[in-house]
Amino acid sequence: KYSNLSYNCFLWTVTFLFVLMNTQVFSGVKVDLIPLPNSIAYKNGHFKIAPETKLLAGSPATKQFAVLLNEWMQTAIGYTLPIVETVGRKDHYIAISLLAEDTTEKYRIAVKKTGIVLEGGPAGLVRGSSTLLQLLFHAGKTENKIPCLVIVDRPKFSYRGVHLDVCRHFMPKE
């Protein structure tokens, strides 16, 4: 009987360690993002968002998206950013780059000490802005500082699906 108890304790300990090793405590992830992107490469330094930070949109299509992103960002940082077409050498910025030929949902976010670049196709910009908003919410906890990093992400599959469980949802015969 005693050996059975020690065996159960051993199994629980191994299970606990396995779960702990698969969490972010040991994986080296510094920011929590859902879903976790395909690639996150951390760099040295951070980018601090301030009211002087400019939202760079060089074309009419990116300007429309910048207006929408600015509204979303206001919920994360508490203020809107000025939308501009060009920035100076010393300006801090968040640049939006639309890759019109790209129809996938892939995107790239590069955070440097002087600015953030968000690039992707139309669907990729939406996915990337979701990740950027998560970074901004995380930055709100650290005096609006985002760690310098490069995120590259794309969906694992080219389609989206929904599963409807017919056992729990009654369906007509037709």
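How each quantity is defined
Residues numbered from 1 in each chain as written. Predicted model: local features only at pLDDT ≥ 70, side-chain atom pairs only at ≥ 80, totals over all residues. Heavy atoms only, no water. pLDDT = per-residue confidence, 0-100. Helix = DSSP H or I, 4+ residues; strand = E, 2+ residues; numbered from the N terminus. Contact = heavy atoms within 4.5 Å. Buried < 20%, exposed > 50% of the residue type's maximum accessible area, 1.4 Å probe, protein only. Expected span 1.5 Å × (residues − 1).

> So what about the confidence of the model for the chain? Which residues, and what values?
Of the residues in the chain, 75% reach a pLDDT of 70 or more, and the chain-wide mean stands at 82. Predicted confidence in the chain is weakest over helix 2 (residues 24-27), with a mean pLDDT of 40, and strongest over strand 5 (residues 107-111), with 96. In the model, residues 22-29 has pLDDT below 50 throughout and makes seven contacts with residues more than four positions away in sequence or in other chains.

> Report on unusual backbone geometry, specifying residues and quantitative values.
Following I34, the chain continues into P35 via a peptide bond in cis, with omega recorded as -5°. Positive phi, close to 60°, is recorded for N144, a residue that is not glycine. Here N144 is to be found in the loop between helix 4 (122-140) and strand 7 (145-153). By relative accessible area, which is 16% here, N144 ends up buried.

> Help me get a handle on helix 3 (residues 60-77), residues and values and all.
Under the 1.5 Å per step criterion, the end-to-end length of helix 3 is 25 Å for 18 residues, consistent within 8% with the ideal 26 Å. The complete set of buried residues in helix 3 reads T62, F65, A66, L69, N70, M73, A76 and I77. Against strand 2 (54-57), strand 3 (83-84), strand 4 (93-98), strand 6 (115-120) and helix 4 lie the buried residues of helix 3. Just beyond helix 3, the residue with positive phi is G78, at close to 90°.

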